[in-house]
Amino acid sequence: MGGAVAPVTMTTPAGPVELSVVVPAYNEEHRLAPTLDAIRAHLGDSCAWELIVVDDGSDDETVRVAKEAAARDARIQVVVSDVNRGKGHALRLGVLASYGRRVLITDADLATPIEELDRLDKAMTEGETAAAIGSRAHPDARIEVHQSRLREYLGRMGNRLIRAVAVPGVHDTQCGFKLFDGEKARAAFADARLDGWGIDVEILQFFRRRGWAVAEVPVRWSHQEGSKVGAADYGRVLWELARLKARAVRRVDLVLGALFLLTSVLLYKNLWHGLGRSYLTDSGQDQNQWEWFFAVTADNVAHLRDPLFTTVQNFPDGVNLMGNTPMLGLSVPLAPVTLAFGPSLTWALVLTLGIAATAYAWYWLFARRVSENRWAAGLGGALAAFAPPMISHGNAHPNFCVLFVLPLIIDRALRLCEGRDVRRNGIVLGLFTVYQIFLGEEVLLLATLGMALFALSYALARRDVARAAIRPLATGAAYALGVCLVLVAYPLYWQFAGAQSYHSVLHGDSAGNSPLALVEFAGRSLFGDDATADKLALNRTEQNAFYGWPLLALAFALVVRLWRRPLVKALAFTGVAAAVLSLGQKIRIPYTDVVLPGPWKLLAHKPLFESVIEGRVGMICAPVLGALIALGADRLAHSGVRLNRAAGFTAIALALLPIVPTSFPVNARPEVPEFIASGMWKKYVGPGESLVPVPLPDPGSAEALHWQTRAGLAFPVPGGYFNGPWGPDRIGIYGASPRWTSNLFGDVRSGKPIPDIGTDWQNQARADLAYWRAGVLVLEPQPRAPELYETVARLLGRPGTKVGGVWIWDVSSVR
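What you see as residue numbers is a count from 1 along each chain, following the sequence as written. Where local features are concerned, this predicted model is filtered to residues with pLDDT of at least 70; where side-chain atom pairs are given and counted, the filter is 80 or more; whole-chain, interface and lining totals use all residues. With hydrogens and water stripped out, all remaining heavy atoms of the structure feed into the side-chain values.

1. Quick notes on the overall build of the chain
- Numbering goes from the N terminus for both helices and strands, where a helix is a DSSP run of H or I of at least four residues and a strand is a run of E of at least two. Per the secondary structure count, the chain includes 31 helices and 22 strands.
- Under the scheme applied here, a residue whose accessible area is under 20% of the maximum for its type counts as buried, over 50% as exposed, and between as partly exposed, the area being computed with a 1.4 Å probe on protein chains only. Split into buried and exposed, the 815 residues of the chain put 52% on the buried side.
- Here a residue-residue contact requires only that any non-hydrogen atoms of the pair lie within 4.5 Å. Residue pairs at least 24 apart in sequence account for 78% of intrachain contacts in the chain once pairs closer than 6 positions are excluded.
- Residue-level accessible areas treat just the shown protein chains as cover; the underlying method is Shrake-Rupley with a 1.4 Å probe. Accessible surface, the chain as shown: approximately 35,500 Å² in total, 59% of it carbon and sulfur.
- Note on charges: Lys and Arg go in the positive column, Asp and Glu in the negative column, and His and the chain ends are not counted at all. By convention, the charge on Lys lies at NZ, on Arg at CZ, on Asp at CG and on Glu at CD. For the chain, the centre of its 80 positive side-chain charges and the centre of its 74 negative side-chain charges are spaced 3 Å apart.

Written out as C-alpha cells, the structure reads:
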C-alpha cells in the first residue's frame, strides 16, 4: 500500500460482518461528524456492520473527530495516513482493512444520501451482480442541487472519454457511492495502483476484465459546497487514465508486438536496404502501381482535389480511384509521409507495419476469444498474418495482407451477439466497416463470407446461443448499416456509377486453387520451391493456399482431439468450406482427367462475387488455422504432464517450420531516363498535353508510372495499369481501353512483325495522338527498341531525336 500508514483504532470484528462502509476523508473536520452520525442512524441494528474512516493526511482536526466517533461506537474504525496521497490511496487502505460481505464506499460529504444504499442493495440482490454503483447520468436519477455549468460540462466530457477508452457502457464512473461484493472488492483494490480520482475507473475496469457484472443504479445527488474536486482534477483523472491504459499493456504484449515487427522487418529487409532503388522481384508491375496510388492520393490531398478520381493516368479519360485499390484509409493519413519522403517509403511502411499490425490484431482477438495463454494466442496470430497466402500477397497486394481491421470487426460482431451495449457496438462496427472499405473491399467481402460460414456452423452447434444472439446482432447490424450508408454512400455511388466506373472484372472459370496447392509449400516458404509452386498458382502473388500437409495434418488432429468444443466444430466447418470454395467452379482431381463442378459455381455470377478471384477464398483458412493452433498451444500450456507438453509443442513446431516465410527478394530498379529525371520533358509537354511512352504503359509494363512519381506527377500519360471499363457493357479490364496505335505498339513489343504501315495507319495514329492530346512520344532503351523506333518513325513519317538518353518525337504540331 505504500506511504506512512498508522492504524489508530483497528479491532478485529467478533463475528461475521454483513456490511463495511468506507469513508475517505481529507480536511473534513466540519462535515465528518454529521456524516458518521447519519450513517450510524440509518444502519442502526439492521445488520452487523463496520464503518471505516480513512484519513488521507489531513492537516486539520479530521483525525480527532474520527477518533471521538470511534470512542463512542466500537463499530467505527479509523485508519490514518501521515501524508496526503489521494482518494484512491485512501479507498485502497479502507477496503483492504474491511471484513464485510459487502462493502459500501461513500464520500465524506454524503452528496448521495446514505438512504440510497437501499437501492443499491436491492439492485445487487435482485440482479445477482458483483457491484451496484450510483449513477447521476441515469434517466431516473434526481439531481437536487446542481454543480456549476462548467463542472457539469467537464464531468460529462470526462465520462464520455472514460467510456470510450476504459469502461464502455458505464455512464457515471465518478459518483462516489458504490456497493461491492466484499471479497471481489478486496481483490480489485489489492490489484489497484492509482492513488487519485481515477481509482473508480480502475476498479470498474478490473470488474469488467473478470466478467463480474456491475449494475448502474439511479440515485439522488446534491452538490455540496467545499467539494474537493476542482477543475484541475479532471485533467488529473485523464492523466491517471493514461497510466491505467499503459498499465493494461502486459509485458507479453510488448514482447509479441516487437517480435511481429522484427519478423516483418526481416521479411522486407532487402526492400529497406535499397529503399527507392529496390524493386520486389515477384511484384510484377504492382509496386509501380501502388507507389503511383500513394503518390496520386498525396498529390490530391495536398491540392485539395477529389481523391476518388484522377486524369494523371489514362489521360484524358482518367481513373476511377474508388474502383481501384489506393487504400485511402492509409494513403490519405500517410500523405504527409509520401509528400516529404516519396511513395517508396510509404510502400515499404505500409507493407512492413501493416503485416505486423495484422499479426498483433489477430493475437489480440485470439487472446480475448480463443486462448487464455497469451503466448499461444501470439502463435495463432503469427500464423494468421504470416501464413503463405498472406506472404504471397505481401509481394504486391497490401490490400490483401494488411488486415488489422478485420479482427476488430469480428470482435465487435461477437460483442453484439453477446448483447453488450448494442447501439454503441453497432456504431463502432459500422465505423470499422467503413474504414475497411477504404482499405480493401474484396477482402471485406471474403471476411464477411468467412464470418457467415462460422456463424452458420456455430449456430448449428449452439442453437441456444444463436437464438439469444439474433435480436442484438440484428439491431447492432442495423446501426452499423446506417453508419455505413451515411459515410460511404457517395464513394460507392462514384465507384459504381461515376466516371470510368465498371461493372465487374472477369477472371474466367480457372482461377480456383488446385487441391494440391492446399498441401504443397509456397515458393517463399522454408521448405518450398518456385518450380513446384509456380505450376499450381496463377502467379507468385496469387499463391492463395500452400499451407503444407504437416500443418493440415496437425489441424485435423486438433479438431479430432477438441471436437467436443463448439468453437472447434465451427472453425473446422469454416476452414473446410472455405478450402472447397477456393477450388473454384471446376475442381480438377490431381493426376486424373476428372473434372467435377465446384460449389463456387453457386456464387460465381452473383453481384460482387463475380469479380473475386476464387482462389483467394482459401485465405480464410489462415485465421482458422491460427485459432486452432492457439487452442492447441493453450491446451498444452495448461497440461500438467511434461511429456505431453514436450511432444505437443514439438508437433506444432514441426508443422509450422516448413511454412516459415523467407525474406522477399528484390531486383535493382531500372533507372529513370535523364529526359524525365532532369525535367527535359517540360519543353515538350504543354498545359493540357500528355507524355506518351512507347509502348503505352499497361499491366505488363508500367515503368512510366514510376517516371510520373519521380516527376511529381507533373505530366499525365495515356494508358496505364488500373481497373477500368471496356466496351458498351463497361466490363472491367486491367488497363485502358485499347486503341489501334496502342495495340500496334504492344504487338511489336511482344515480338510480332511490323505491319505494312500506310496512310490508314498514319491517319489512325494522328487520331489517337489527338485523342491523347500528345505533346511528345518517348521511347526508352528496351528489348525490341529498334523495331519500336521503326514503327513510330513510319507512323509519323520522320525520324526521332535522341534527347536525355531516349528517342523522342515532338508531336504537338502533328495534332
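Now that the structure has been shown, the text picks up again.
2. Structural notes on the pattern of salt bridges
- We define a salt bridge as a contact between a side-chain nitrogen of Lys or Arg and a carboxyl oxygen of Asp or Glu at a distance within 4 Å. The tally for this structure, following the rule as stated, stands at 40 salt bridges.
- Residue Lys178 is joined to Asp200 by a salt bridge in which the shortest nitrogen-to-oxygen separation is 2.9 Å. Residue Lys178 is located in strand E8 (residues 177–181), and its partner Asp200 is located in helix H7 (residues 199–210); the two are separated by 22 residues in the primary sequence. The same class applies to Lys178 and to Asp200, which are both buried.

3. What about the pairing of strand E17 (residues 690–693)?
- Residue alternation in E17 divides its side chains into two sets, Ser690 and Val692 and Leu691 and Pro693, and both sets are buried.
- Note: E17 against strand E20 (residues 774–779), four bridges, orientation parallel. Among the inter-strand pairings, Ser690 is bridged to a residue of E20, identified as Ala774. Each pair of strands is called paired provided DSSP finds at least two bridges between the two strands.

4. Focus on the side chain of Thr352
- Position of Thr352 among the secondary structure elements: in helix H14 (residues 343–369).
- On the basis of relative accessible area, Thr352 is assigned to the buried category, the value being 2%.
- Counted as a polar contact is a pair of N or O atoms within 3.5 Å, where, for protein atoms, one must be capable of donating a hydrogen and the other of accepting one, and residues adjacent in sequence contribute only when both atoms are in side chains. Among the polar contacts made by the side chain of Thr352, one reaches the side chain of Trp272 at a distance of 2.9 Å.
- Those residues in contact with Thr352 that sit more than four places away from it in its chain are Ser264, Val265, Tyr268 and Trp272.

5. A look at helix H18 (residues 422–437)
- Helix length check: H18, at 16 residues, gives a terminal C-alpha distance of 22 Å against a target of 22 Å (1.5 Å per residue), a fit within 8%.
- Of all the positions in H18, only Val422, Asn425, Gly426, Val428, Leu429, Gly430, Thr433, Val434, Gln436 and Ile437 are classed as buried.
- Elements in contact with the buried residues of H18: helix H17 (405–417), helix H19 (441–461) and helix H20 (463–497). Multiplying 1.5 Å by the helix residue count minus one yields the expected span of that helix.

6. A closer look at the packing of aromatic side chains
- Classification of ring pairs rests on two measures: the distance between centres of Phe, Tyr or Trp rings, Trp counted by its six-membered ring, which must be within 6.5 Å, and the angle between planes, read as stacked under 30 degrees, edge-to-face over 60 and tilted in between. Applying the stated criterion across every chain yields a total of 23 aromatic pairs.
- Their ring planes at 80° and their centres at 5.9 Å tell us that Phe309 and Trp494 sit as a pair that is edge-to-face. Placement of the pair is Phe309 in strand E12 (residues 309–310) and Trp494 in helix H20, with a sequence separation of 185 residues.
- With a relative accessible area of 15%, Trp494 lands in the buried category.
- Comment: the charge-over-ring label is applied if NZ (Lys) or CZ (Arg) is within 6 Å of the ring centre and within 35 degrees of the ring normal. Positioned above the aromatic ring of Trp212 is the side chain of Lys184, whose terminal nitrogen or guanidinium carbon lies 5.2 Å from the ring centre.
- The ring of Tyr771 has Arg739 sitting right over it, with the charged end atom 4.1 Å from the ring centre.

7. Section: the pairing of E8
- Extensive coverage of E8 is indicated by the burial of four of its five residues.
- Here strand E5 (residues 102–106) runs beside E8; their pairing, made up of five bridges, is antiparallel. Following the sheet pairing, Leu104 is matched in E8 by Leu179.
- Sheet topology note: the strand E6 (residues 131–135)/E8 ladder contains three bridges and is antiparallel. Bridge assignment links Ala131 to a residue of E8, and that residue is Phe180.

8. Quick word on the confidence of the model for the chain
- Summary statistics for the chain give a mean pLDDT of 91 and a share of 92% for residues scoring 70 or more.
- Confidence of the predictor at the level of single residues is captured by pLDDT, which takes values from 0 to 100. Scored below 50 in pLDDT, residues 1–9 makes 27 contacts in the model with residues more than four places away or belonging to other chains.

9. Examining unusual backbone geometry
- Geometrically, the link from Phe315 to Pro316 is a cis peptide bond, its omega value of 5° lying close to zero.
- With respect to the helices and strands, Pro316 occurs in the loop between E12 and strand E13 (319–320).
- Along the chain, Val694 connects to Pro695 via a cis peptide bond; the corresponding omega equals -5°.
- Relative to the helices and strands, Pro695 resides in the loop between E17 and helix H28 (703–710).
- A positive phi angle, close to 50°, is found at Leu110, a residue other than glycine.
- A positive phi angle is found at Gln500, which is not glycine, with a value near 60°.
- Its location among the elements puts Gln500 in the loop between H20 and helix H21 (515–519).

10. A look at the state of the cysteines
- Note on terminology: disulfide denotes any pair of cysteine sulfur atoms within 2.5 Å. Applying the stated criterion across every chain yields a total of zero disulfides.
- Free cysteine: Cys484, not disulfide-bonded; nearest cysteine sulfur from Cys417 at 17 Å.
- Overall, Cys484 belongs to the buried group, its relative accessible area being 11%.
- With no disulfide of its own, Cys621 lies 18 Å from the sulfur of Cys401, the closest cysteine sulfur.
- Residue classification places Cys621 among the buried positions, given a relative accessible area of 6%.

11. Topic: the side chain of Thr574
- Inspection of the secondary structure assignment puts Thr574 in helix H24 (residues 566–581).
- Residue classification places Thr574 among the buried residues on the basis of a relative accessible area of 3%.
- Here Phe454 takes part through its backbone nitrogen, which lies 3.3 Å from a polar atom of the side chain of Thr574.
- Of note is the side chain of Thr574, whose polar atom sits 2.7 Å from the backbone oxygen of Ala570.
- Each residue touching Thr574, except ones within four places of it in the same chain, is listed here: Gly450, Leu453, Phe454, Ser457, Ile620 and Val624.

12. Quick notes on the sheet that holds E20
- One open sheet holds the four strands; their spatial order is E17-E20-E22-E21, and the pairing between them is mixed. Edge positions in the sheet fall to E17 and strand E21 (801–803), since each of these pairs with one other strand and no more. Between one strand axis and the next, the sheet turns by 35° as a mean value, whatever way the strands run. Fitted lines through C-alpha atoms serve as axes, helices being fitted only where they are in contact, and the angles separating the N-to-C directions of these axes extend from 0 to 180 degrees.

13. Here we look at the environment of Asn399
- Within the secondary structure, Asn399 is located in the loop between helix H16 (388–393) and H17.
- Residues Asn399 and Met327, spaced 72 residues apart in sequence, show a C-alpha to C-alpha distance of 6.9 Å.
- Every residue in contact with Asn399, bar those within four places of it in the chain, is listed here: Trp290, Thr325, Met327, Leu439 and Val443.

14. Brief notes about a nonpolar patch on the surface
- Like charges within 9 Å and nonpolar side chains (Val, Leu, Ile, Met, Phe, Trp, Tyr) within 5 Å are joined into patches, using only residues over 30% in relative accessible area that form no salt bridge. Taken together, the side chains of Val255, Leu259, Leu262, Leu266 and Trp375 define a hydrophobic patch exposed on the protein surface, amounting to about 460 Å² of accessible area.
- The element contributing the most residues to the nonpolar patch is helix H9 (residues 251–267), with four residues.
- Looking at the element boundaries, Val255 is found in helix H9.
- A relative accessible area of 34% places Val255 in the partly exposed class.

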